[in-house]
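Here is what each chain is made of, one letter per residue.
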Amino acid sequence: MRISKEKCVGCANCVPVCTVGAIYIDEDGLANINADECVECHNCYRSLSFEHLRPSFTRTIRRLLKKISLRFQPDPDICPTEAIVPEDLEWPRIVRQAFSDPMVTHESTGVHGRGTEEVKTNDVSHRIKKGEVGLVVEFGRPGIGVFFREVQKATRVMATAGARFEQGNPVTKMMTNPATGDIQEDVLNEKVLSCIVEITTTIQDIVHTLTIIKEICKASETVVSIGVSTVCEEDGSEPLRDILTQQGYETGWAKLNLGLGRATNSSFTSRENL
Ligand code: SF4
Ligand code: SF4
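All values derive from a computational prediction rather than experimental measurement.

**Remarks on the overall build of the chain**
The helix and strand inventory of the chain stands at 8 helices and 14 strands. The buried share among the 274 residues of the chain stands at 32%. When contacts within the chain are restricted to residue pairs at least 6 apart in sequence, those whose partners lie at least 24 apart make up 73%.

Structural data, given as structure tokens:
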């Protein structure tokens, strides 16, 4: 994203709408974007309406009114001179938009934004099987974001601990070696609003895996959120919940698949989902 210095009048309406605080008012009184911090989420472009006032006229009015302690300020949801300009992004910068802009489709997954279907379709995909635990480890959030170099520190530790990375996940697809957790070098300095690493482990290993992730959280420069999923026993009991409770975690229902899915892909068909 770019702000046109020719068009901007320095009203600062765009500053609070930036998801990571990358927009600031420069020494010249006009808005600017810290390109290293901008995650190309396009929120500034989408959340403000554009008016087409003439920049030179608007600046003059603002200057004159300022002299008599008055100000011309557009409504807070307006960029008065259409000064916010989306750019054509190339690799690797386009990775920022793919993970940060919910309105674009991620090429590697075919879904909007940074995620995958996770376990939402586990009824038919059986991504997580009985005895296994699926973990979604989310790095970054609006307000802070995350660089892939930071994510790589974590994926390397997870790989050392024997975690199995979900193949269809966008972060896994950018790995040069899922066995080591190495992410391709040209994206390491790209920042995104957030990204999700998906791993699978076993119920036996879950305590060890969570201990490692806790250590990753302590050393991380961003926020880390964790979700776990498992398959219930036939009687509805959940061994995982007991283990997590013993470890001091508060648990609750989040997303619940009832097993009512119907497999339309023959490779998913099995007795369990009929
Ligand atoms: S809203 Fe538009 S005119 Fe106002 S500071 Fe931002 S870019 Fe400049
Ligand atoms: S594209 Fe997103 S991150 Fe970049 S300046 Fe606009 S709101 Fe901020």
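**As for the pairing of strand 7 (residues 132-139)**
Here strand 7 runs beside strand 13 (residues 195-202); their pairing, made up of 8 bridges, is antiparallel. Each bridged residue has a counterpart across the sheet, and for Val136 the counterpart in strand 13 is Glu198. By the bridge criterion, 6 bridges tie strand 7 to strand 14 (residues 224-229) in an arrangement that is antiparallel. In the strand pairing of strand 14, Val137 is matched with Ile226.

**As for the site of ligand 2**
Around ligand 2, the structure places 14 residues, and the nearest of them are Met1, Cys18, Cys38, Cys41 and Cys44. By residue class, the composition of the shell around ligand 2 is 10 nonpolar, 3 polar and 1 charged.

**Some points on the nonpolar core**
Formed by 49 residues in total, the largest nonpolar core has its most connected members in Cys14, Cys44, Ile84, Phe139, Val151, Cys195 and Val197. When contributions to this core are tallied by element, the ones reaching two or more residues are helix 3 (94-100), strand 7, strand 8 (146-147), helix 5 (148-160), strand 13, helix 7 (206-219) and strand 14. Looking at this core, you find at least three residues from each of domain 1 (2-85) and domain 2 (102-273). When residues no more than four places from it in sequence are discounted, the contact partners of Cys14 are Ile23, Ala31, Cys44, Leu48, Cys79 and Ile84.

**Here's the deal with helix 5**
Here helix 5 is 13 residues long and its end C-alpha atoms lie 18 Å apart, about the 18 Å a rise of 1.5 Å per residue gives. Of all the positions in helix 5, only Phe148, Val151, Gln152, Ala154, Thr155 and Met158 are classed as buried. For helix 5, the arc enclosing every buried residue in end-on projection is 165 degrees, short of the 170-degree limit, so these residues lie on one face. For helix 5, the secondary structure elements touched by its buried residues are strand 7, strand 8, helix 6 (170-173), strand 11 (182-183), strand 13 and helix 7. Phi turns positive, to about 90 degrees, at Gly162, one or two residues after helix 5.

**A closer look at the sheet that holds strand 9 (residues 164-165)**
Paired through their backbone hydrogen bonds, the strands of a sheet run either parallel or antiparallel. One open sheet accounts for 4 strands, arranged 9-13-7-14; its pairing is antiparallel. Taken across any chain shown, the strands that pair with only one partner, and hence form the sheet edges, are strand 9 and strand 14. Examined bridge by bridge, strand 9 and strand 13 share 2 bridges and lie antiparallel to one another. Paired with Arg164 across the two strands is Thr200, which belongs to strand 13.

**Remarks on the site of ligand 1**
Neighbouring ligand 1 are 14 residues, the closest being Cys8, Cys11, Cys14, Ala31 and Cys79. Here the residues of the shell around ligand 1 are counted per class, giving 11 nonpolar, 3 polar and no charged.

**Looking at the confidence of the model for the chain**
Considering every residue of the chain, the mean pLDDT works out to 88; 89% of them sit at 70 or more. Every residue in residues 269-274 is under pLDDT 50, and counting partners more than four places away or in other chains gives 6 contacts.

**Considering helix 2 (residues 55-67)**
With 13 residues, helix 2 should reach 18 Å at 1.5 Å per residue; the first-to-last C-alpha distance of 19 Å fits that figure. Positioned one or two residues after helix 2, Ser69 has a phi angle of 60 degrees, which is positive.

**Remarks on unusual backbone geometry**
Residue Pro92 is bonded to the preceding Trp91 through a cis peptide linkage, with omega at 5 degrees. With respect to the helices and strands, Pro92 occurs in the loop between strand 6 (84-85) and helix 3. Unlike most non-glycine residues, Ala12 shows phi in positive territory, near 75 degrees. Checked against the element boundaries, Ala12 lands in the loop between strand 1 (2-3) and strand 2 (23-25). For Ala12, a count of 16 C-beta atoms within 10 Å corresponds to the partly exposed category. One non-glycine residue, Ser69, lies in the positive phi region at around 60 degrees.

Analysis parameters
- Residues numbered from 1 in each chain as written.
- Chains lettered and ligands numbered in written order.
- Predicted model: local features only at pLDDT ≥ 70, side-chain atom pairs only at ≥ 80, totals over all residues.
- Helix = DSSP H or I, 4+ residues; strand = E, 2+ residues; numbered from the N terminus.
- Buried ≥ 20, exposed ≤ 12 C-beta atoms within 10 Å, placed from the backbone.
- Contact = placed C-beta atoms within 7 Å.
- Pairing = 2+ DSSP bridges.
- Near = placed C-beta within 6 Å.
- Nonpolar A, V, L, I, M, F, W, Y, C, P; charged D, E, K, R; others polar.
- Core = buried A, V, L, I, M, F, W, Y, C linked by C-beta atoms within 7 Å.
- Domains from an automatic or database assignment.
- Expected span 1.5 Å × (residues − 1).
- Arc of directions from axis to C-beta.
- pLDDT = per-residue confidence, 0-100.

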